[in-house]
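Reading the structure
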Amino acid sequence: MEASEASVDRIAHPWGGRTPYGAHEPWPVRVDTYLEPGVEASRVQRWVQAASILHSDGDAMDIAVVDGRMVGVRGRAGDRVNRGRLGPKDLFGWQANASPDRLTLPLVREGGRLVECDWDTAMERIVTRSRELLEDRGPGSLGFYTSGQLYLEEYYTLAVLARAGIGTNHLDGNTRLCTSTAAEALKESFGCDGQPGCYDDIDHADVIGMFGHNTAETQPVQWMRVLDRLEGPRPPRLVCIDPRPTRPARRAAVHLAPRIGTNVALLNALLHEIIRTDRVDHDYIAAHTVGFEELASRVKECTPLWAARICDVPAARIGEAAELLGTADRLLSTVLQGVYQSHQATAAAVQVNNLHLIRGMLGRPGAGVLQMNGQPTAQNTRECGADGDLPGFRNWQNDGHVADLARVWNVEPSAIPHYAPPTHALQMFRYAEQGSIHMLWISGTNPAVSLPELSRIRSILAQERLFTVVQDLFLTETAQLADVVLPAATWGEKTGTFTNADRTVHLSDKAVEPPGEARPDLDIFLDYAARMDFRDKDGGPLVTWHDPESAFEAWKRCSAGRPCDYTGLTYDKLRGGSGIQWPCDEQAPEGTQRLYTDGISWAHPDVCESYGKDLLTGATAEAVEYRSLNPDGKAVIKAADYLPPHEAPDEDHPFQLTTGRTLYHFHTRTKTARAPQLNAAAPEVWVEASVSDAAALGLGEGDLVEVTTPRGALRGRLRVTDIRRGLLFVPFHYGYWDTEAGHGPDDGPPGRAANETTVTDWDPASKQPLFKTAAAALRLVERADGHHAPAPTTTASAASRADSVPPTTGGTPALVTQSGDISPDREEGAR
């Protein structure tokens with residue numbers, strides 16, 4: 001069908017128009033395009049392929065270049081992930097690259113302030129400190145904290161130089177904050193990381209369960225896919241578990257809004273009902289799993305009535321959800337931060353896996369699990385060993401795996417620290433606080449806004465004894481506290497690969513030059529490795545590659561024979577067409593759509609990535625224990641009892657506080673706040689409370705309120721929504737770089753960062769921080785006096801009485817080229 005063009009405000013209508021389709025049909029193409037005002041498509045000199053860097057969808061796109069600068073983007077019609085569609089952050093976020101406040105020269109601290117210098121000065125300062133610490137205190141005095149936004153080639157290089165060059169166990173990513181529970185849950189159930197399902201399962205599912213996953217705002221393009229199914233013949237039914245009135249909740253056949261911290265109780269009740277009604281696949285359980293009898297016994301008394309008292313949801317609605325989940329012919333489940341950042345995170349995520357295992361809902365179209373990611377390259381952090389794993393999903397407890405990795409790197413096994421689990425991020429900051437870590441290299445992340453209990457994090461980073469290196473695009477709140485700041489190139493200014501949440505690998509090519517003397521992260525890591533003169537066991541260079549493609553080839557050798565096998569991929573193969581899902585090797589030269597199509601592949605004791613942990617205590621299982629439990633390498637059905645949250649509301653702090661995301665921003669707004677349309681859509685922090693709670697406190701829309709917990713406080717305008725009673729919500733994106741204070745509120749009134757209030761606590765198994773468990777108080781600071789909360793009206797933050805609030809609009813429309821049968825949004829535009 002001929003393409004038609006429509007001018008659509010993609011802030012007010014973030015998901016665009018509909019292209020309905022039915023079950024088992026291909027998703028129609030719709031190509032979304034945005035060019036800066038005054039630029040016609042005919043003027044574009046080059047279109048350079050890339051994929052999204054502002055969420056984990058992996059939306060494929062092309063960057064428009066005119067006279068050496070970015071002028072817009074368009075979706076890639078032939079890509080399996082998005083079929084040409086782009087979300088608001090995709091369409092507008094690229095503008096941040098050209099911000100006038102980009103870092104263009106290195107900075108070093110002199111006399112208490114940061115001053116510009118050349119690269120040799122900055123790097124020699126880092127190298128000198130590294131060598132001093134290695135000589136005086138050993139490799140454990142150095143730590144590396146990285147991102148979920150770099151490229152595969154950069155993570156792999158960092159993993160090699162940190163683990164085999166420095167020899168430190170202290171290497172983790174901010175993926176610890178968003179996706180470590182996903183990885184741990186997959187390891188607990190299947191012995192190995194890697195998504196069993198894929199996005200194409202949306203095309204086939206007849207029931208889609210969304211567990212703590214606000215798909216509309218965190219994966220907007222896949223929500224477009226769900227919307228198109230909902231508007232077509234034979235639409236799926238949605239089960240949504242979320243305490244907020246998200247867009248998926250509003251379209252759900254069953255929406256459950258449980259009390260924060262009670263996910264395990266609710267999931268145990270759902271499992272109880274499915275087992276009680278015998279809606280289980282006994283043949284699949286017998287052939288492919290261990291542990292079913294234990295699960296059945298543990299949930300025997302977990303009735304909907306029992307869970308209703310704990311979760312504060314109607315028992316009848318729990319039964320309705322169990323009916324849908326238990327009778328689905330093709331069930332797809334997605335999970336994200338509502339589970340991962342809440343109490344008993346891994347235990348709850350594993351119960352979603354259990355739901356699929358007992359129903360035999362794996363390995364076929366429409367039957368799968370997506371333990372989702374929060375960042376664009378979170379999957380690569382895990383694969384490459386730049387977080388709490390060894391590269392290639394190798395098991396740190398398995399001496400054979402360590403020896404195999406040592407062979408790939410040509411070092412002795414003893415050179416790779418594996419005496420204990422790799423150190424997780426919050427423990428690294430604790431070591432820095434206690435004084436055992438003396439150098440912390442932070443790349444591509446902003447812990448002075450993103451970690452919990454920010455006053456504590458600022459005090460750690462400000463210690464004189466801690467030498468801090470920050471590698472980033474802007475002078476972030478964290479960079480302001482550093483000893484050395486390195487200006488990095490970003491997406492569109494360098495070449496590399498990244499892998500999305502459903503294992504799709506994309507190549508992102510360099511489109512323009514970085515500003516000033518900013519360098520790709522890979523070049524910075526290679527420079528450091530060369531200056532440190534890291535050597536292998538034969539005296540040759542430890543890091544033997546010199547550019548992105550040679551680094552990719554080195555990674556392929558490391559991935560060979562492992563679950564995330566990349567050996568069938570090349571840069572040439574990834575250019576010009578669609579992204580390709582790993583494993584891609586001789587047996588699957590075009591990639592692998594779904595895992596576990598013929599049983600469980602990577603759970604055998606000899607090959608598994610992990611022997612598992614106790615879900616309640618986090619205690620690591622030993623090889624002999626795992627071998628006894630699972631000698632044949634089946635999926636493990638692991639039960640978990642419900643435990644109450646560590647922090648409960650009381651007289652002084654009567655509310656529960658949860659933090660989260662909004663559609664228009666990413667991470668700590670370092671990029672999205674520099675895109676005018678995105679910033680205008682959500683320019684400032686806000687606080688959400690329910691209609692009944694606001695009325696009880698005499699509060700109204702737009703009032704300036706203060707949220708207080710035992711850790712700290714923040715202030716924001718109030719948005720009165722249909723959120724569950726007793727719960728407050730604050731978006732976590734807002735820090736201080738764009739305020740007069742600059743880097744925090746320690747010497748002034750309460751700030752606007754949600755993490756001033758959150759608790760230093762983490763899940764025992766995944767070590768993911770628990771951002772959704774705080775007890776809080778709410779009080780009036782001043783009346784609205786005509787103000788409204790600066791919250792979007794298009795999202796879960798829509799006001800309870802929407803007509804009283806000005807609608808969210810972007811002003812400048814994005815040009816959307818749409819192919820196929822298009823029907824207008826029924827509901828998804830501005831309210």
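What you see is a predicted model; the values in this text were computed from it and never measured. (Residues numbered from 1 in each chain as written. Predicted model: local features only at pLDDT ≥ 70, side-chain atom pairs only at ≥ 80, totals over all residues. Heavy atoms only, no water.)

A separate point is the packing of aromatic side chains. All chains considered together, the criterion is met by 17 aromatic pairs. Here Phe190 and Tyr596 contribute two aromatic rings whose centre-to-centre distance is 5.0 Å and whose plane-to-plane angle is 20°, an arrangement assigned as stacked. With Phe190 in helix H4 (residues 180–190) and Tyr596 in the loop between strand E21 (580–581) and helix H23 (623–629), this residue pair connects regions lying 406 residues apart in the sequence. In this structure, Phe190 and Tyr596 share a single accessibility class: buried. (Phe/Tyr/Trp six-rings, centres within 6.5 Å; stacked < 30°, edge-to-face > 60°. Helix = DSSP H or I, 4+ residues; strand = E, 2+ residues; numbered from the N terminus. Buried < 20%, exposed > 50% of the residue type's maximum accessible area, 1.4 Å probe, protein only.)

What follows is about unusual backbone geometry. With an omega dihedral of -5°, the bond running from Trp582 to Pro583 counts as a cis peptide bond. Relative to the assigned elements, Pro583 resides in the loop between E21 and H23. Look at Phe393: it is not a glycine, yet its phi comes out positive at around 55°. Note on placement: Phe393 falls in the loop between helix H15 (378–384) and helix H16 (399–409). Even without being glycine, Arg669 reaches a positive phi, approximately 65°.

Counted residue by residue, strand E25 (residues 704–708) has four buried out of five residues, so it is predominantly covered. As judged from the five bridges shared by E25 and strand E26 (residues 713–721), these two strands associate in the antiparallel manner. Within the sheet, the bridge partner assigned to Leu704 lies in E26 and is Arg717. Where E25 hands over to E26, the hairpin turn is made up of four residues, counted between the paired strands. Where E25 and strand E28 (residues 774–782) come together, five bridges link them in antiparallel fashion. Counterpart to Thr708 in the pairing with E28 is Ala777. (Pairing = 2+ DSSP bridges.)

Moving on, we come to the state of the cysteines. Here the structure, examined in full by the defined rule, presents zero disulfides. Cys564 provides the cysteine sulfur closest to Cys584, a residue in no disulfide bond, and the two sulfurs are 13 Å apart. Cys608 forms no disulfide, and the closest cysteine sulfur to it belongs to Cys192, at a distance of 8.6 Å. For Cys608, a relative accessible area of 0% puts it in the buried group. (Disulfide = S-S within 2.5 Å.)

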